[in-house]
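Summary of structural features
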Amino acid sequence: MASTGWAGDGDMLTVERKDIPSASCMAVSRDGQHALLASRRLLVLVDLQRPDHHLRALSWHSKYDAGSAAWSRAAAQGGADLAVTYNTAVEVFRCSGGDIRSTGKLQSHRRTITDLDWHWSEPLLATCSVDTNVHLWDVREPRRPVATMRSVESACQVKWNRISSQTLASSHEGDIRVWDRRKLSIPERYISAHTAKIHGLDWSPNSESQLATASQDMYVKFIDVTNPRNIASMPKAKDPVWRARYTPFGSGLVTVAVPQLRRGDNYCLCLWNTASLAAPQHTFAGHSDVVLEFDWRQPDPSQIRDDCEYELLTWSRDQTLRLWPLKADLLQACGHELAHGVSGLDTDHAASPTTDGMETSCIELTSQEQSAADSGPGSGPVSPPVSPQRPAPPRIWRAISEGPPASLEQEFLMINKNIDNVRIEKMSAEERCCTVSVVCGSVSACLRVTFPLSYPSQQPEFRYLEGTRLSAADRQHVKKAWELTAEQHVKRNRSCLEPCLRNLAASLQRLMERQEETAPSLYPAPSTTLFPSANLYGSFKDVNVAFPRTSGARFCGNGMLVVFACPAYMKRLSSRGEGVTPRSLSALDAYLINYAQGASYALAGARLAASPMLFPSLSRSPTGADGPLYGKEAVRLGTSSLGRRPKAYGEERARPRHPRTHTNIVLCYDASRLMPLNRELAERYLLGGQDFSGMCSANASLAASVGRKDLEKVWNLIGLVGDPGLVGSNADPDAGRPWAQHPFGRRLVESVISHYLKMRDVQTVAMLCCLLGTRAQQPSSSVRQQAVAQLDSGSPGESPYHTVHPTETRRHPTLEGLGVNVSRQNRSNSWSDVLDESRLAAPEPGAIEQRFQHDNNRRLLDPARQAEFDRYKRIYADILYRWQLTNHRAQVLKYVSTVPVAHCGLEVRSECSRCGRTFAGSECPLCRRCTIVCVICHVSVKGMSSFCLVCGHGGHLLHMLQWFRDQLLCPTGCGCRCAESLQQ
Amino acid sequence: MVSLISTVDTGHEDMIHDAQIDFYGTRLATCSSDATVRVFSVRNGSQTLEAELREHQGPVWQVAWAHPMYGPILASCSYDRRVIIWKETGGRWSKLHEHASHDSSVNSVCWAPYELGLVLVCCSSDGSVSVVSYTAAGTWDFKKINNAHTIGCNAVSWAPEVSAGSVLEGQPQKVTKRFVSGGCDNLVKIWREEDDQWVEEAKLDAHSDWVRDVAWAPSVGLKRQLIASCSQDRRVIIWSNDGTGTAWTPHELPTFSDVIWHVSWAVTGNILAVSGGDNKASLWKETLEGKWVCLNEVNLGKGQAGSMPGDAGTKTL
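Source: prediction; values computed, not measured. (Residues numbered from 1 in each chain as written. Chains lettered and ligands numbered in written order. Predicted model: local features only at pLDDT ≥ 70, side-chain atom pairs only at ≥ 80, totals over all residues.)

Scanning chain B for helices and strands turns up two helices and 25 strands. Looking at chain B residue by residue over its 317 residues, the buried ones come to 57%. Within chain B, contacts between residues at least 6 apart in sequence are counted, and of these 44% link residues at least 24 apart. (Helix = DSSP H or I, 4+ residues; strand = E, 2+ residues; numbered from the N terminus. Buried ≥ 20, exposed ≤ 12 C-beta atoms within 10 Å, placed from the backbone. Contact = placed C-beta atoms within 7 Å.)

Glancing now at the overall build of chain A. The helix and strand inventory of chain A stands at 26 helices and 43 strands. For chain A, the proportion of its 984 residues judged to be buried stands at 42%. Long-range contacts, defined as pairs at least 24 residues apart, comprise 52% of the intrachain contacts of chain A with a sequence gap of at least 6.

Residues and elements named next belong to chain A. The residue Gly252 is located in strand β23 (residues 252–257) in this model. Once the C-alpha coordinates of Gly252 and Pro280 are considered, the two residues, 28 residues apart in sequence, prove to be 9.9 Å apart. Here Gly252 is in contact with Tyr246, Thr247, Leu271, Trp272, Asn273, Cys334 and Gly335, once residues within four sequence places are set aside.

Let us look at helix α17 (residues 743–758) of chain A. Residues and elements named next belong to chain A. Relative to the 22 Å expected for 16 residues at 1.5 Å per residue, α17 spans 21 Å between its end C-alpha atoms, a close match to the ideal helical length. Residues Gly745, Arg746, Val749, Ile753 and Tyr756 constitute the buried set of α17. Residues of α17 that are buried sit in contact with α15 (709–721) and α18 (762–772). Just downstream of α17 lies Arg760, where phi reads positive at about 60°. (Expected span 1.5 Å × (residues − 1).)

Right, let's get into the pairing of strand β12 (residues 129–134) of chain B. Residues and elements named next belong to chain B. Across five bridges, the pairing between strand β11 (residues 119–124) and β12 is antiparallel. For Val121, the partnering residue across the bridge sits in β12 and is Val131. Here β11 hands over to β12 after four residues, with Gly127 in that stretch at a positive phi of 90°. Relative to strand β13 (residues 140–145), β12 is paired through six bridges, and the arrangement is antiparallel. Bridge pairing in β13 places Val132 opposite Phe142. (Pairing = 2+ DSSP bridges.)

Time to look at the UniProt feature "repeat: WD" (unreviewed entry) in chain B. The UniProt record annotates "repeat: WD" (unreviewed entry) at residues 9–50, 53–87 and 204–240 of chain B. In residues 53–87 of chain B, helix accounts for 0% and strand for 51%; the two terminal C-alpha atoms are 11 Å from one another. (UniProt positions renumbered as here; feature names shortened; annotations may be inferred.)

This next bit is on unusual backbone geometry. Residues and elements named next belong to chain A. Positive phi is not limited to glycine here, since Glu173 has a value of about 50°. Tracing the chain through its elements places Glu173 in the loop between β15 (167–172) and β16 (175–180). Despite not being glycine, Gln884 shows a phi value in the positive range, around 60°. Mapped onto the elements of the fold, Gln884 is located in the loop between α23 (866–882) and α24 (886–893). The exposure class of Gln884 is partly exposed, given the 15 C-beta atoms found within 10 Å.

A separate point is α23(A). All names here are of chain A. In this model, α23 (17 residues) spans 24 Å end to end at C-alpha, consistent with the 24 Å of a helix rising 1.5 Å per residue. Of all 17 residues making up α23, 15 are buried, and the element is well covered by its neighbours. Just past α23, the residue Gln884 takes up positive phi, approximately 60°.

Let's shift gears to the sheet that holds strand β12 (residues 134–138) of chain A. Residue and element names in this part refer to chain A. Strand order in this open sheet of four strands is β10-β11-β12-β13, and the pairing throughout is antiparallel. The sheet terminates laterally at β10 (113–118) and β13 (147–149), the two strands that pair on one side only. Strand-to-strand, the axes of this sheet are offset by a mean angle of 20°, without reference to chain direction. Inspection of the sheet shows β10 paired to strand β11 (residues 124–129) by five bridges, in the antiparallel sense. Bridging from a neighbouring strand, Asp117 pairs with Ala126 of β11. (Axes fitted to C-alpha atoms, helices over the stretch in contact; angles between N-to-C directions.)

The next thing to look at is the nonpolar core. One recurring pattern in soluble globular proteins is that nonpolar side chains are buried together. A:Cys668 and B:Ala228 are the most contacted members of the largest nonpolar core, which has 160 residues in total. Among the elements that line this core, the one with the most residues is α18(A), at nine residues. Inspection of this core shows a minimum of three residues originating in each of domain 3 (532–674) and domain 4 (679–893) of chain A. Ignoring any residue separated from it by four or fewer positions in sequence, one finds A:Cys668 in contact with A:Met560, A:Val562, B:Ile5, B:Ser6, B:Val8, B:Ile21, B:Leu28 and B:Val42. (Core = buried A, V, L, I, M, F, W, Y, C linked by C-beta atoms within 7 Å. Domains from an automatic or database assignment.)

Another aspect to go through is the packing of α23(A) against α24(A). All names here are of chain A. Where α23 meets α24, the axes come as close as 8 Å, and the angle between the chain directions of the two elements is 170°. The angle between α23 and α24 falls in the class roughly antiparallel. In contact with Lys873, Tyr876, Ala877, Leu880 and Tyr881 of α23, α24 contributes Thr886, His888, Arg889, Val892 and Leu893. Class assignment for the residues of the contact of α23 with α24 results in six nonpolar, two polar and two charged. (Parallel < 35°, antiparallel > 145°, perpendicular 65-115°, else oblique. Nonpolar A, V, L, I, M, F, W, Y, C, P; charged D, E, K, R; others polar.)

The subject of this paragraph is the confidence of the model for chain A. All names here are of chain A. Mean pLDDT for chain A: 69, with 66% of residues reaching 70 or above. Long-range and interchain partners of residues 340–405, a stretch whose pLDDT sits below 50, account for 108 contacts in this model, where long-range means more than four residues apart. Contacts of residues 519–540 to residues separated by more than four positions or lying in other chains number 39 contacts, the stretch itself having pLDDT below 50. (pLDDT = per-residue confidence, 0-100.)

With that out of the way, let us pick up the sheet that holds strand β2 (residues 16–21) of chain B. All names here are of chain B. Pairing in this open sheet of four strands is antiparallel, and the strands run β2-β3-β4-β5 from one edge to the other. The sheet terminates laterally at β2 and β5 (48–53), the two strands that pair on one side only. On average, each strand axis in the sheet is tilted by 20° relative to the strand beside it, whichever way the strands run. As defined by bridge partners, β2 adjoins strand β3 (residues 27–32) across five bridges and the pair is classed as antiparallel. Each bridged residue has a counterpart across the sheet, and for Gln20 the counterpart in β3 is Ala29.

Right, let's talk about the confidence of the model for chain B for a bit. Fine structural detail should not be taken from predicted coordinates in areas where pLDDT scores are low. Residues and elements named next belong to chain B. Mean pLDDT for chain B: 82, with 89% of residues reaching 70 or above. Contacts of residues 164–172 to residues separated by more than four positions or lying in other chains number 23 contacts, the stretch itself having pLDDT below 50. The low-confidence segment residues 297–317 (pLDDT under 50) makes 53 contacts with residues lying over four places distant or belonging to another chain. Confidence estimates for the predicted assembly give a pTM of 0.49 and an ipTM of 0.88.

Take the pairing of β12(A) next. All names here are of chain A. Burial within β12 is extensive, with four of its five residues counted as buried. Of the pairings in the sheet, the one linking β11 to β12 comprises five bridges and is antiparallel in character. Bridge pairing in β12 places Leu125 opposite Trp137. Hairpin connection between β11 and β12: a loop of four residues separates the two successive antiparallel strands, and Thr132 in this loop has a positive phi of roughly 80°. In this sheet, β13 lies alongside β12 in antiparallel orientation, the contact comprising three bridges. Counterpart to His135 in the pairing with β13 is Thr148.

All names here are of chain A. Following both chains from N to C, one finds α18 and α23 inclined at 125°, their axes separated by 8 Å at the closest point. One element, α18, and the other, α23, form an angle in the oblique class. In this structure, α18 meets α23 at a crossing whose hand is left-handed. Here α18 contributes Val762, Gln763, Val765, Ala766, Cys769 and Cys770 to the contact with α23, which in turn contributes Phe869, Tyr872, Lys873, Ile875, Tyr876 and Ile879. Tallied by class, the residues present in the contact of α18 with α23 amount to 10 nonpolar, one polar and one charged. (Left-handed = near helix turned anticlockwise from the far one by under 90°.)

Take a look at the structure:
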């Protein structure tokens, strides 16, 4: 059984040694009294009996980092106890009475020494190096190695056999060479063990021929050197294995894995029983960085606490030294037989040790700045400058017992409420309960936790409330996990609410992921990499690329506002007041790394790819929408997650709504109310029709119904001002000034238009322009013909469109007014040409000009500004298009004097049944009869029509729409399934 | 005044850099550092993932919808130096064209007004701006303005279509194609096409740091033209032009608390959405008197004395 979380459990001892910057190796003395930490500038001897004692140090100067260190195993012979490698040399030291002094230097390797190992009984030292050689040294004769073993590949590890004094093994990439000391010219054995580099090598203490190897290929293998084909291997690890070493007791083995690229937080050591390799017996978790070295010590019997025979000592790059005492049950679990027999071996117990045996006082040594300052001159800063004469006194570490919070109330106050997906509804120390809800996608749990009076020595209880969306099995599962977490903490008399909540959130997260995996997933599961983006950036040109925009608000479509915000970690940084966001992409990496440090708590177990996006909800507050929360919340969210003391609970409640945590959400807002455009009006406005004033009053009441009182008045006014009778009066220039020249005429209309233009109410402006201006006339040949025909007969002409808008000045006012007979000349193709013709035909040019001017003056909108008015219409048409009101758009566009593009493509043409001509429109230009007859009402169609493209039957648009509302077949009974053919 | 229609959980695995809704307000396109573009259908407050477009090999900075008269067409630009134009046919999104003529990250894309055809302008950190157009022959063609902005160009925006003249006024005016660009040289530049060549029409110099975004306001038919530009220097400048000549008058909004990344105009051309590095957005509106006010300041009815407009200028309007 793997039990993690030993850290802070039992009597683990942690010593943080920031005063030895980059101490890269450690060695434990053979008596277990001292540990040596070696860096390039300092050798520090730590008294393991009293880690809080002043430590002895020897200042040292080397250009290189200490490679590895080893304490001699035999009693000091030749005056050497200790060997430390620095690049190509081995420095040998003598250590007596807690004092270190250098005694010599072994130098023969040409390149970096990778490992060294003392002989188990003789003053012999084996070193191996990248220069491919393995040297054996007699420390009494430091000038040259006593023997050299050569190979072709760089050597990484060298180890003496623990039983046979003649045998040693060295590793070279993925191979192992086993040497006999007496015959060094060729290796005794040559074993290809791994596919990748072997990092760790160790001889079994129990068997002369057994080796354990740890390799980059993530395997740990057990090799019988006498029978190299007999290789047993452990299950593949998740990460490359750095070391695999046998325990000095029983049949245990300790492995250290090094996460690739040092990602993740899996810096733990695993203790295995080689007899059962399915799962580690124990995991030593606690280090926050790579474990550089570990060793065993047997504490002095007089000092033994709690029957602890063995202690594991670890040194990590996080600059902490930890002592992990192993309790009897673990020792048993590793096959160790107790020296001073406890009761007989309980095999069940041994197979599944629990942490029961480890509950005792916890000594956690934490840095105390004050005591460091008190300890004398030269102490203090984290990395004190080391002077050669006077090594900096080490800092003192004082034990602080971390007790449970005094009361439930205190725990509630101190709890960190910023747990992903968790929302604390209610907390009451008086009632000794709290209500929590956790929402994770489709799964959610609401629960009420009650704390017994004896808490925290007794577990809190919880039950599910309404609103929980979990299957019965999942409920059980979650509950079990909760209870386990609670039990672990309560056992140590610790408060357990927060860990339990985190556990709960994690459980639900897993459940949700499982559901997503089983259900057809909408999204692929987010990748587990820490910062996916960090990989994608990184070209040298990044300094020129702008820093990515991570939040934004965009107006889109028609009156939509799209808002997205940056993930919480970015926000956190920017709200910290560290100045403005960097401008270039090259700063992003630093940004993300900063975050990782700043928010390390979030890293623990949390998947960062799904880092919460603290995006405040805007309009979803209970009141319906508009509480001015956003800004305040943004600020609050930004700061509260910085590890500040969470605010008192009351404040939490006072806020109307908790911020929900989201991942990469985009919010779409309807901002159309900010704009003077109204879609409802657009849909229902009347445009065209016989009754001008009726239309205006209908539009007026419509405007009133949507609350636009101003528009109501405008429409009523326009109804009066634009009265066709009034506008059409005084057609004769001699009859007097036209109505449009009245102050209530053109001037009024134009001032209204300019007012709404200022307000950007293009809707109103365009409507007014349409109603009071002129209709569109298509300058195409058919129009010309119609126009000519119209001039011919003096009867109302036809629109170029199928629809007919009777109110408009269907006849060109100029020509109509002129009443001249223009000969049918088919040269012209536009209105201007027509005008030319009419001018030519007119008897007196001056009179015509006067008449032309007069007709312009009669209009309510200045024809000189026609282009401008057309622009408004087109922009309004564009807005209608965005609203997908295409019919309304077409109606508006009919009033544009210039039709943007001539139609090219399919065109519906009708054929006269009498003369056989084809033409656009409904009336044969020659026979002058309507060719289209509605199949329903049998009346000629002049306006909008609709036809089946298959059978050709059709008629009035409205009739067709009505018919096909509930019919499929053609109304004529021809059997054509018109409605379906239309869809095809 | 602003109501939430829908909340779209994009499911992007990394930061979102842009989100745009199409012309009709029915489709949402988002792009992210996870190198994907996602298209969602957002009708009636509900949202469904229509497509995930995975062709880019780097963070995708911006997306842009073409006018629907050309069909559902989307352009995206990415750190991988490419612009990809996507098209949906029969419910399927596929790559229509890939424009890969830039030497560095492409930072912004913008479609021209539909009257000018299917024309796209994009700008890159290599300092150049390219105008990609779909030709009558059914091929894609592009013209490049080299060294439009030294160090790099960050944003482009088309001018609204300047309408053709009416027949009654004689010959239709020649359509002028113009766009504005902003770059790392702290400048905002206006470009005009003349005889198939893009020439620099105006150079607007007021920012003191990289210009991050530019936006040409929809004109609503008025002669007056407005351009908003925002910058690393925490300022937003609204440039106005009376429609004659090439003189642009700057008007500065109060300085914000952090870098401003986005400026975006509402369709009426008098409301500006401003958002930036402080993760806040504010809406600014021009009053009838020609002043620019933060909308919620107006709505709250209080003078936000002593505080940045951007602080209060958030979405609760």
